Protein chains: 2
Amino acid sequence: MTNLAVLELSAARGLKNIEPGDDLARLIIAAFARNDLSLRAGDVVVVAQKIVSKAEGRLVDLATVTPSACAVQLAAETGKDPRLIEVILSESVRVVRKRPGLLIVEHRLGFVMANAGVDQSNVTTSDGTQCALLLPENPDRSAAALRERLLVLTGAAVGVVINDSFGRPWRRGTVGVALGAAGLPALIDLRGRPDLFGRTMEVSIIGFADEIAAAASLLMGQADEGRPVVLVRGLDWSAPSTAAATIVRPPEEDLFR
Amino acid sequence: MTNLAVLELSAARGLKNIEPGDDLARLIIAAFARNDLSLRAGDVVVVAQKIVSKAEGRLVDLATVTPSACAVQLAAETGKDPRLIEVILSESVRVVRKRPGLLIVEHRLGFVMANAGVDQSNVTTSDGTQCALLLPENPDRSAAALRERLLVLTGAAVGVVINDSFGRPWRRGTVGVALGAAGLPALIDLRGRPDLFGRTMEVSIIGFADEIAAAASLLMGQADEGRPVVLVRGLDWSAPSTAAATIVRPPEEDLFR
């Protein structure tokens, strides 16, 4: 028996440009199969939010958007396209911070994030239409559906994480976080477990899905080459599966609202 | 040539309990050598803050601490040991949030974190003295020194990250973050680089060292077994090395102070 704990992350290059209606599970399986990798029980598949949203057709043609007066005002304050702001507001429950170049909102799913996760930079459809790309309607549901489809196609019960990159207060740089999760615990609660010296641990809810999301981001790349799917092998957990929605801190325990 | 990008993380079990003055570099090399792993140029070694602090003797015997009136007051408000609060305040520049069971401060190094990173739960010295363990005096310097020592002992130029687990606003669960870094870019600035479609990317400073820290946390374990050193192989970067101090967001660009 080895004395090492090993985690292996593999990202397949060469996934095609995803279009609405694409069968992501089949494309993911094929991409890994071309590299002699097949899914196994206990693997975790991390998928970039962008391709999940594309497969789900979460595109809004900006030419069809009429900005509200509020969106026009906010566009002037932030220096963004008023139609994009309109789309962002339609996905948000409140504006958290704004300044030129930056709009941080609370997304309808509770995520505090820039631009409600609405992405304009990498999205042009094949006919050249300029689109905004929204987050999946329900990323936990998307993760569960993808997990189910992977199970049907391969027989392997894997975990699925849908990740995105978030900025953070106080620290520069974005890090991968989990928007959706299925088949694994989004959080692992160690409260009450004894530590190395038998005392009870104080702060000990682990952001398991977020750490997986961050790890996968290291391989995904951001700019010239896209690797939107990462296979994580070697994770170990005993906690029950929970959705990424449980990561969102309820207002009553949030000191930073 | 393979079409896969692969990242491998390995954590060695069985590192001895670290004591002040221990040669961490030698112990780390030995722990991996027992598993037939030797360091190579381009590897990144992630080390838990706790063992760096222990090796540096950053222990404070709580029996020697006399709490100030301010510490006594804050102890009553948070339900913590006044001596521990005194130690926390000595490492902090301001209290950011407090409530029963929770004290979030700005550490003298700029980190906004619980308890200034002062740890009581896993620290008892061999003679049974109850101690608090502070963060390293300068984690970037610690990382650079460890990197230099690893280079001398093995000839391999590796990156070093010193990590810890932080809670976050808005999201439940702690995630690994980088307190110190050497030999790699703590942040990777992609601003101005074209995206997949040739447009310029908007939000594109990657929290590289933090993502590495989070990935390593997945293997480190928190409770019954400690694996405080993780070797990360397969990372790729071209940006120049920068210290983890660059991650701390300067007050003038921080919207959440």
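Scroll up to find the structure this text is about.
Residues numbered from 1 in each chain as written. Chains lettered and ligands numbered in written order. Predicted model: local features only at pLDDT ≥ 70, side-chain atom pairs only at ≥ 80, totals over all residues.

**Some remarks on the packing of helix α6 (residues 208-220) of chain A against helix α6 (residues 208-220) of chain B**
For any two helices packed against each other, one specifies the inter-axial angle together with the distance between the axes.
Okay, so step 1: The N-to-C vectors of α6(A) and α6(B) enclose an angle of 125°; their axes lie 8 Å apart at closest approach. The angle between α6(A) and α6(B) falls in the class oblique. Relative to α6(B), the crossing made by α6(A) is left-handed. From α6(A), A:Glu211, A:Ile212, A:Ala214, A:Ala215, A:Ser217 and A:Leu218 reach across to α6(B), where they touch B:Glu211, B:Ile212, B:Ala214, B:Ala215, B:Ser217 and B:Leu218.
Okay, so step 2: Classifying every residue of the contact of α6(A) with α6(B) by side-chain character gives eight nonpolar, two polar and two charged. (Axes fitted to C-alpha atoms, helices over the stretch in contact; angles between N-to-C directions. Helix = DSSP H or I, 4+ residues; strand = E, 2+ residues; numbered from the N terminus. Parallel < 35°, antiparallel > 145°, perpendicular 65-115°, else oblique. Left-handed = near helix turned anticlockwise from the far one by under 90°. Contact = placed C-beta atoms within 7 Å. Nonpolar A, V, L, I, M, F, W, Y, C, P; charged D, E, K, R; others polar.)

**Section: the pairing of strand β4 (residues 92-99) of chain B**
All names here are of chain B.
Okay, so step 1: Sheet analysis places β4 next to strand β5 (residues 102-107), joined by six bridges and oriented antiparallel. Opposite Val95, over in β5, you have Val105 as the bridge partner.
Okay, so step 2: Remark: two residues form the turn of the hairpin made by β4 and β5, two consecutive strands paired antiparallel; Gly101 in that turn has positive phi of roughly 85°. (Pairing = 2+ DSSP bridges.)

**So, the packing of helix α3 (residues 69-78) of chain B against helix α4 (residues 82-90) of chain B**
All names here are of chain B.
Okay, so step 1: Where α3 contacts α4, the axes come no closer than 8 Å and their chain directions differ by 115°. The two elements α3 and α4 cross, and the hand of that crossing is right-handed. On α4, the residues that touch Cys70, Ala71, Val72, Leu74 and Ala75 of α3 are Pro82, Ile85, Glu86 and Leu89.
Okay, so step 2: For the contact of α3 with α4, a count of residues per class yields eight nonpolar, no polar and one charged.

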